[in-house]
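Report on the structure
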Amino acid sequence: MRLVSRKLTFSIFAAVVVVAGRSVPLLAAQDQKPNFVIIFADDLGYGDLGCFGHPTIRTPHLDRMAAEGMRFTQFYSAASVCTPSRAGLMTGRLPVRNGMCSDKRRVLFPDSGGGIPAEEITLAEALREQGYATACVGKWHLGHLPQFLPTSNGFDSYLGIPYSNDMDRDPESPKGRPAFLTPHSEYWNVPLMRDEEVIERPADQTTITKRYTEQAVRFISSHKDENFFLYMPHTMPHVPLFRQTDFEGHSLRGLYGDVIEEIDWSVGQVLDTLREHDLDKKTIVVFCSDNGPWLTYDQQGGSAGLLRDGKGATWEGGMREPTIAWGPGRISAGAVTQELGATLDLFPTFVTLAGGQVPDDRTMDGYDISPVLFGTGPSPRDTVYYYRGPRLMALRKGPWKAHFMTQPGYANPRPTTKHEPPVLYHLEHDPSEKYDVAEHHPDVIDDIRQAAAAHRAALEIPPSQLEIPLSDQN
Ligand code: MG
């Protein structure tokens, strides 16, 4: 029945085009305000999807999403660890501007008293102002106290574990790494929350991806007649790794592969729901990851493919993410773009498409990248800032990336090495950052130094939210 009605609609529309006899947009849907869905994996590496080259993880739904949409090969998260990365995505601003980063504590913990400041405007708040229904389903990690939760930051509803799934460790659980190698949900006393209430503790993590998916499908189905924004930050594949029984032994890649294949199934459920409700041509979906793979967990961690290092590092493997944008009728099918993009750009891009205004009373670090999405022009972005906490470690300008400092992501020990002059890589020739070419390009080094100096001079760094103890809020 649905197929018949869609064919009929197309026939009528095609007739209009013939009668009009002039160039008109292929799809009337282009003139409508789109819905937005962001699916955000946790610690997924650049090399962990079939469509990004993994040899033994099967991701047919993400591969189809890529075949019907656009794959980004140079798309960045705002930081190499969870909390600052998510703050950048939600605000379109570097986390160093809003206190959502720290060198001392790299993310928020259950004993943290801080969170996303009230004066920040979140993507959900900006879209809700344009009449969008909003939902957050998954890992928030921008503060677990009531004033910091999704429902206090523009989301109509929330279901999820509010921080990382390896926190709230049961002191009786096996010490150290063994707990991660044979994980059981009860080792981590993390809460599952609905809006502001804890509904389950410890959360049964074996069904967490399944339950997030069911919630996402319910939200889409119940808001199919209005504009909506669904933010779906998965708890997985952050260690400890869990999947529902249907996915046990599903992948040749072992437990990590099973988890990715369940996320792939989940993406398929979301896209199928959009198709079933004829919302596919009214919705833009972006799939991305918050940071690179957690390499110190060996086979429990993912792969950054040909990129160097992973989570926690400002090498490419820490911040360049496997990114797919999907919007049939708006975004060209099968496109692969090498233009620069960042999660910071989703705020201005989506708010503008929704008919809203990007805030002009604060510094924004994102750009409207709709020219890239819709194939109408180059990316307005030519610079990427690589922060570790409040320290600017590296800067990319065009194809060139200069590292002022380097530090391993999570390895022990992890000394900081200062580089004078900076080490320089041409990322288009050398995506693996193997060959330092600084001595051949002093002019490039000078140019990047000046860009970094101008950026720093204009920067005001507020106190860190990540260093506020819970006792300060009690
Ligand atoms: Mg993460």
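Here the structure is a predicted model, which is why all the values come from computation and not from measurement.

**Some details on the pattern of salt bridges**
- Counted under the stated rule, the structure contains 27 salt bridges.
- Note that K139 is salt-bridged to D42, the shortest N-O span being 2.5 Å. Placement of K139 in the loop between strand 4 (133-137) and strand 5 (157-160) and of D42 in the loop between strand 1 (35-41) and helix 2 (60-68) is noted, with a sequence separation of 97 residues between them.
- Looking at K139, the relative accessible area reads 0%, which means it is buried.
- Taking the relative accessible area as the measure of exposure, D42 reaches 0% and is therefore buried.
- A salt bridge links K104 to E467; the nearest nitrogen and oxygen atoms lie 3.9 Å apart. Here E467 lies in the segment after helix 11 (442-457) and K104 lies in the loop between helix 3 (82-91) and helix 4 (123-129), a separation of 363 residues in the sequence.
- Judged by its relative accessible area of 69%, K104 is exposed.

**Concerning the domain arrangement of the chain**
- The domain boundaries assigned to the chain delineate domain 1 (16-382) and domain 2 (384-457).
- Relative to domain 2, the C-alpha centre of domain 1 lies at a distance of 27 Å.
- Every contact between the two is made by 27 residues of domain 1 and, on the other side, 27 residues of domain 2.
- For the pair domain 1 and domain 2, the number of links is two salt bridges.
- Among the salt bridges present, the one from D103 reaches R391, with a minimum N-O distance of 2.7 Å.
- The tally of links between domain 1 and domain 2 comes to twelve residue pairs in polar contact (both at pLDDT 80 or more).
- Classifying every residue of the side of domain 1 that touches domain 2 gives twelve nonpolar, five polar and ten charged.

**Some points on the coordination of the magnesium ion**
- Surrounding the magnesium ion are the protein donor atoms D42 (OD), D43 (OD), C82 (SG), D290 (OD), D290 (OD) and N291 (OD1), at 2.1 to 2.8 Å.
- Viewed at the metal, the six donor atoms of the magnesium ion are separated by angles of 51 to 156 degrees, and the geometry they form is irregular.
- Mapping the donors of the magnesium ion onto the primary sequence gives the spacing D-D-x38-C-x207-D-N. A residue pair is termed long-range when its members are at least 10 positions apart, and C82 in helix 3 and N291 in the loop between strand 9 (283-289) and helix 8 (316-319) qualify at 209 residues.

**Points about helix 6 (residues 208-222)**
- Its 15 residues place the ends of helix 6 21 Å apart at the C-alpha level, agreeing with the 21 Å of an ideal helix rising 1.5 Å per residue.
- Of all the positions in helix 6, only I208, T209, Y212, T213, Q215, A216, F219 and I220 are classed as buried. Buried positions in helix 6, seen along its axis, are confined to an arc of 165 degrees and lie on one side of it.
- Looking at the buried positions of helix 6, the neighbouring elements they touch are strand 4, strand 5, strand 6 (192-194), strand 8 (228-233) and helix 7 (254-276).

**Here's the deal with the pairing of strand 7 (residues 197-200)**
- Both strand 6 and strand 7 contribute to a ladder of three bridges, which runs antiparallel. Across the sheet, the residue bridging to L192 is E200, located in strand 7.
- Two successive antiparallel strands, strand 6 and strand 7, enclose a turn made up of two residues, where D195 displays a positive phi of approximately 55 degrees.

**Thoughts on the sheet that holds strand 7**
- Sheet architecture is open: ten strands sit in the order 7-6-5-4-8-1-9-10-2-11, paired in mixed fashion. Pairing within the sheet leaves two strands with one partner each, and these edge strands are strand 7 and strand 11 (335-337). Strand-to-strand twist across the sheet, computed as the mean angle between neighbouring axes with direction ignored, equals 20 degrees.
- In this sheet, strand 5 lies alongside strand 4 in parallel orientation, the contact comprising three bridges. The partner of A135 across the bridge, within strand 5, is S157.
- Strand contacts of helix 6: strand 4, strand 5, strand 6, strand 7 and strand 8, with the helix running at about 175 degrees to strand 8, the strand carrying the most contacts.
- Helix 7 contacts strand 1, strand 8, strand 9 and strand 10 (323-326) of the sheet and is inclined by roughly 170 degrees relative to strand 9.

**Looking at the packing of helix 2 against helix 7**
- In contact at an axis separation of 7 Å, helix 2 and helix 7 are set at 50 degrees when each is read in the N-to-C sense. Classed by the angle they form, the pair helix 2 and helix 7 counts as oblique. Here helix 2 contributes P60, H61, L62, R64, M65 and E68 to the contact with helix 7, which in turn contributes D264, W265, V267, G268, L271, D272 and R275.
- Classifying every residue of the contact of helix 2 with helix 7 by side-chain character gives six nonpolar, two polar and five charged.

How each quantity is defined
- Residues numbered from 1 in each chain as written.
- Predicted model: local features only at pLDDT ≥ 70, side-chain atom pairs only at ≥ 80, totals over all residues.
- Heavy atoms only, no water.
- Salt bridge = Lys/Arg side-chain N within 4 Å of Asp/Glu carboxyl O.
- Helix = DSSP H or I, 4+ residues; strand = E, 2+ residues; numbered from the N terminus.
- Buried < 20%, exposed > 50% of the residue type's maximum accessible area, 1.4 Å probe, protein only.
- Domains from an automatic or database assignment.
- Contact = heavy atoms within 4.5 Å.
- Polar contact = N/O pair within 3.5 Å; in protein donor to acceptor, adjacent residues only side chain to side chain.
- Nonpolar A, V, L, I, M, F, W, Y, C, P; charged D, E, K, R; others polar.
- Donors = N, O, S within 2.8 Å, 3.2 Å for Na, K, Ca; no water.
- Tetrahedral: all angles 85-135°; square planar, octahedral: opposite > 155°, others 65-115°.
- Expected span 1.5 Å × (residues − 1).
- Arc of directions from axis to C-beta.
- Pairing = 2+ DSSP bridges.
- Axes fitted to C-alpha atoms, helices over the stretch in contact; angles between N-to-C directions.
- Parallel < 35°, antiparallel > 145°, perpendicular 65-115°, else oblique.

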